[in-house]
Amino acid sequence: MKRKPSLIILFLLGGLLGAAVLFFWYFSGFNRIVKEKFDGRLWELPARVYARPLVLYPGMEISGDMLAQELGLMGYQQVSSSQKLDVPGRYLRNNTVFTLFCRPFDFGDKKVSSHRLVLEIEKDRIVRLNNPDPGIVLDMVQLDPVLVGSFYPGSKEDRILADLDNIPSILPNTIICVEDRTFYTHFGVEFPAIFRAMLVNIKNWQMTQGASTITQQLARNFFLTSEKTWTRKVNELFMAAALERNYDKQEILEAYVNEVYLGQDGNRAVHGFGLASVFYFGKAIQDVQPHEVALLVGMLKGPSYYNPRKYPDRAINRRNMVLRMMGDQHLLSRDQMETGLAMPLGVIEKKVQGNSPFPFYLDLVKRQLLEEYRETDLQSMGLRIFTALDPQVQMAARQALVSQLKQISAEKGIPGEMLEAGVVVTATGSNEIQALVGGKKPYEKGFNRALDARRPIGSLIKPAVFLTALAMPKVYTLTSLVDDGPIMVKTPEGQDWVPRNFDRQYHGQVPLYLALVNSYNVATVRIGMDLGISKVMETVEKMGFKRKVPLYPSSLLGSLEMSPFEVAQMYQTLAANGFYSPPRSIRAIYTPTGELLQGYPLTIEQHLDPGVVFLVNKMLQAVVLDGTGKSLEKILPKALGVAGKTGTTNDLKDSWFAGFTGNRLAVVWVGRDDNQTCKLTGSAGAMRIFGHLMNQIPNQALDLIPPENVVWAVVDAATGLRTDDTCPDAMSIPFIKGSVPEEFTACRSGTGSSHYEKIITKPRYFIDWLKEFIK
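Below, the structure is looked at part by part. (Residues numbered from 1 in each chain as written. Predicted model: local features only at pLDDT ≥ 70, side-chain atom pairs only at ≥ 80, totals over all residues. Heavy atoms only, no water.)

1. A short note on the overall build of the chain
And step 1. Scanning the chain from terminus to terminus reveals 23 helices and 33 strands.
And step 2. Burial status across the chain gives 55% buried among its 775 residues.
And step 3. Taking the contacts inside the chain whose residues are at least 6 apart along the sequence as the reference set, 69% of them involve residues at least 24 apart.
And step 4. Counting only carbon and sulfur atoms, one obtains 53% of the accessible surface of the chain, whose full area is about 35,100 Å². (Helix = DSSP H or I, 4+ residues; strand = E, 2+ residues; numbered from the N terminus. Buried < 20%, exposed > 50% of the residue type's maximum accessible area, 1.4 Å probe, protein only. Contact = heavy atoms within 4.5 Å. Areas by Shrake-Rupley, 256 points an atom, 1.4 Å probe, with all protein chains shown as cover.)

Structural data, given as structure tokens:
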């Protein structure tokens, strides 16, 4: 009988031991999960893609409206008085004078602190640039770049990580005041509060009230769902205990600051106070004021319910409640609290940052990145990608495309939804892609015509034919006579192909340069067939076209299909004097810690003879001055010296223009997605968009400098033979060395009536390529 109590005790001890083993086994599982999560990468951080930084300097060409537009794209807020210029990211405009409070920014290779700046613009140029505090005149200032877009993880969560050491102490203190006042004394769980909540839930026969500490909330957000069940609550307790066991309070609080959900921006979920301060107030977390802290912390209870943009009355009541709590807990003085209560919400007009303002350019960047990185890395590693996008050029391209398509549709009686277009703009010196627009709905993702619309390029192919011919200077020069009479060509299928000129006329013997200036199809085909189609297509490849080229006679007139992006590469090689550079949209990629992951230096290869390219570029200038591109003079000044080529395909289905100035190249395509006629020639459609685009942005005049293998000779306009520069029809023409005509002719009487007459009577600045010597 005396042994029974002993057996009971042993049984109880065994049960307790088993329960303890089970408890520790259960706890160890959660402990392992917590360790794996916190010791690894806590969050999937989206890659952020930035435009080129805006560099300001005295003498820079920029209008006040253009500067204000880019500041708006950067997220700068315009204020009405200097008193409101109190935090970085704001600016004051007083007619021609701008006062900026510039934001700090980490460019990877250098960090720029926040600073104030005053600049003055007169006649679309910066005439004054200085720091207002010490009055120091500045040579150059680099502003933070426009955010082009981000590559989000599958969860669509976005956040800007905040460090507790670098945020106002009032933020974590207010979080603790509102959410968990015993945070620094409990071990992850507040049992009295749990007991009170249990009594309420038992009374209501459902889970209606919680008592979660900050640690429990963090555990739920990281590892569990928000489902209100007893099982989830028990798991939450174990997770919270594991967090407290492995990490200190500051680590837990910092994770909480960066994890919590605080709103929605389209498909993008706004997490953490770092991003929320930018999303709601347009300022960094370091610059938030107490009443703004109160609003953000108050929204933790229900970001959707207390959305200040949708329900401002609810939001301000909740904010004021938090402000009074802050006053009761002595986080604010009475005067500070009263000041905060009197403040408006101060929420900025919503800036949709979840969707890129430049989706077509972002598409290009992503395609180039995916050649070297996995998509999961782009969506999770927090990479910082700096690109060559120029927001001013991009906005000009977008505006020109949209406005001109609308105007052309109205003029031609074409339904507005029919016409589409694609535009690519590059820097001629580096082949950096400065702008790319893939359609007339530039804010919407969709078919990127600039990259993917492969259409016949028409006469844009012709410079390749003439490059090939002039590379044989013993046979062809600018003054060589070519036959623009009827020709019949056998196709590979054995059919007869008879090319026609656009004007349906034949022009007999014409100088080679006029065949390109006036875009004569028949003369071009005759030259191309004499050279050999394969030889011409080799030149096309040297110009930068990468795909296999079909060897059909019709390819000589542009039956070859290309996208605007591919055409831009070809003409880029012309604009770079025969030197090939791969197209670049990305300048550098940095890790979140500022380490350079990859740079994209400029690479150059000589693909074409610079002398031959010089001759062709001179002809392309003549195309714009007195050929098929002559109407461009209605939009752009002749002194700009634009070199370009129009392109029109059969049945007026495609309208093309490719042209360049001294510093920029642009290619424009206009057509219909259903491949029906758009009723537009190259000059009537695409060239108008080109002109209005270039007219909105700074451009340098194209001043072609002859290479060493080019010489000038005075020839007779009618015969192409050498003559005296005093003759009425004398003109100066560039030749490749060794190809200058040896035969000499005396002056002819009269003023002449040659093919050259219209050109040589132009003033010199109209036709730089001829360098007229007439006295």
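2. Some points on the sheet that holds strand 1 (residues 47-50)
And step 1. With mixed pairing, the five strands of this open sheet are ordered in space as 12-1-16-26-27. Taken across any chain shown, the strands that pair with only one partner, and hence form the sheet edges, are strand 12 (147-151) and strand 27 (596-599). Averaged over neighbouring strand pairs, the angle between their axes works out to 20 degrees when direction is ignored.
And step 2. Where strand 26 (residues 586-590) and strand 27 come together, three bridges link them in antiparallel fashion. Considered in strand 27, the bridge of Tyr590 is made with Leu596.
And step 3. Helix-sheet contacts for helix 12 (residues 359-369) involve strand 1, strand 12, strand 16 (384-387) and strand 26, and the interaxial angle to strand 12 is about 50 degrees. (Pairing = 2+ DSSP bridges. Axes fitted to C-alpha atoms, helices over the stretch in contact; angles between N-to-C directions.)

3. Digging into empty space enclosed by the protein
And step 1. If you walk through the whole model with that rule in mind, you get three cavities of 30 Å³ or more.
And step 2. In this model, the largest cavity occupies a volume close to 90 Å³.
And step 3. As for the largest cavity, its lining consists of Val624, Leu625, Leu632, Glu633, Leu636, Pro637, Lys638, Gly641 and Val642.
And step 4. In the lining of the largest cavity, the residues fall into six nonpolar, one polar and two charged. (1 Å grid on protein atoms, 1.4 Å probe; cavity = no way out; pocket = protein on both sides within 12 Å on 5 of 7 lines; lining within 4 Å. Points joined across faces, edges and corners; volume = space filled by probe spheres on them. Nonpolar A, V, L, I, M, F, W, Y, C, P; charged D, E, K, R; others polar.)

4. As for the packing of helix 18 (residues 521-531) against helix 19 (residues 533-542)
Geometrically, a packed helix pair is captured by the angle between its two axes and the distance between the axes.
And step 1. Look at helix 18 against helix 19: their axes get within 5 Å of each other, and the N-to-C directions meet at 100 degrees. Judged by the inter-axis angle, helix 18 sits roughly perpendicular to helix 19. The segment helix 18 lies against helix 19, with Gly528, Met529 and Leu531 engaging Ile533, Lys535 and Val536.
And step 2. Partitioning the contact of helix 18 with helix 19 into residue classes produces four nonpolar, one polar and one charged. (Parallel < 35°, antiparallel > 145°, perpendicular 65-115°, else oblique.)

5. Thoughts on the packing of helix 3 (residues 170-179) against helix 9 (residues 290-298)
And step 1. Across the interface, helix 3 lies against helix 9 with an axial gap of 10 Å and an inter-helix angle of 45 degrees. Between helix 3 and helix 9, the interaxial angle falls into the category oblique. Viewed along their axes, helix 3 and helix 9 form a crossing whose handedness is right-handed. Of the residues in helix 9, those touching helix 3 at Ile170, Leu171, Thr174, Ile175 and Val178 are Pro290, Val293 and Val297.
And step 2. Counted by class, the contact of helix 3 with helix 9 contains seven nonpolar, one polar and no charged residues. (Left-handed = near helix turned anticlockwise from the far one by under 90°.)

6. As for the pairing of strand 16
And step 1. Judged by which residues are buried, strand 16 turns out to be covered on both faces: Arg384 and Phe386 on one side and Ile385 and Thr387 on the other are all buried.
And step 2. Of the strand pairs in this sheet, strand 16 and strand 26 are connected by four bridges, and their pairing is antiparallel. Bridge pairing in strand 26 links Ile385 to Ile589.

7. Some remarks on the packing of aromatic side chains
And step 1. Scanning all chains against the criterion turns up eleven aromatic pairs.
And step 2. Seen in terms of ring centroids, Phe105 and Phe386 are 6.2 Å apart; in terms of plane orientation they differ by 90 degrees. Their pairing is edge-to-face. With Phe105 in strand 6 (residues 105-106) and Phe386 in strand 16, this residue pair connects regions lying 281 residues apart in the sequence. Assigned by exposure class, Phe105 and Phe386 land together as buried.
And step 3. Cluster of aromatic residues (ring-pair linked, three or more members): Tyr50, Phe105, Phe107, Phe386 and Tyr590.
And step 4. The aromatic ring of Tyr311 is capped on one face by Arg314, whose charged end is 4.0 Å from the ring centroid.
And step 5. For the cation-ring pair, Arg318 lies above Tyr306, with the distance from its terminal atom to the ring centre recorded as 5.8 Å. (Phe/Tyr/Trp six-rings, centres within 6.5 Å; stacked < 30°, edge-to-face > 60°. Lys NZ or Arg CZ within 6 Å of the ring centre and 35° of its normal.)

8. Considering the pattern of salt bridges
And step 1. According to the stated counting rule, one finds 30 salt bridges in the structure shown.
And step 2. In this structure, the salt-bridge partner of Glu633 is Lys630, at a minimum N-O distance of 3.4 Å.
And step 3. For Glu633, a relative accessible area of 31% puts it in the partly exposed group.
And step 4. A cluster of three or more residues bridged by salt bridges with shared partners is formed by Arg48, Asp158, Asp265 and Arg268. (Salt bridge = Lys/Arg side-chain N within 4 Å of Asp/Glu carboxyl O.)

9. Observations concerning the environment of Phe735
And step 1. Along the chain, Phe735 turns up in strand 33 (residues 730-736).
And step 2. When neighbours within four sequence positions are excluded, Phe735 is seen to be in contact with Thr477, Thr479, Leu615, Asn709, Val710, Val711, Ala713, Val715, Val740 and Pro741.

10. Thoughts on the sheet that holds strand 15 (residues 268-271)
And step 1. The three strands are arranged 13-15-14 in an open sheet whose pairing can be described as mixed. Each edge of the open sheet is held by one strand with a lone partner, namely strand 13 (157-158) and strand 14 (261-265).
And step 2. Alignment of strand 14 against strand 15, held across four bridges, turns out to be antiparallel. The partner of Asp265 across the bridge, within strand 15, is Arg268.

11. Notes on a nonpolar patch on the surface
And step 1. On the surface, Met488, Val498 and Tyr506 cluster together into a nonpolar patch covering about 260 Å² of accessible area.
And step 2. Structurally, Val498 can be placed in the loop between strand 22 (496-497) and strand 23 (509-511).
And step 3. A relative accessible area of 31% means that Val498 is categorised as partly exposed. (Patch = residues over 30% accessible without salt bridge, like charges linked within 9 Å, V, L, I, M, F, W, Y side chains within 5 Å.)

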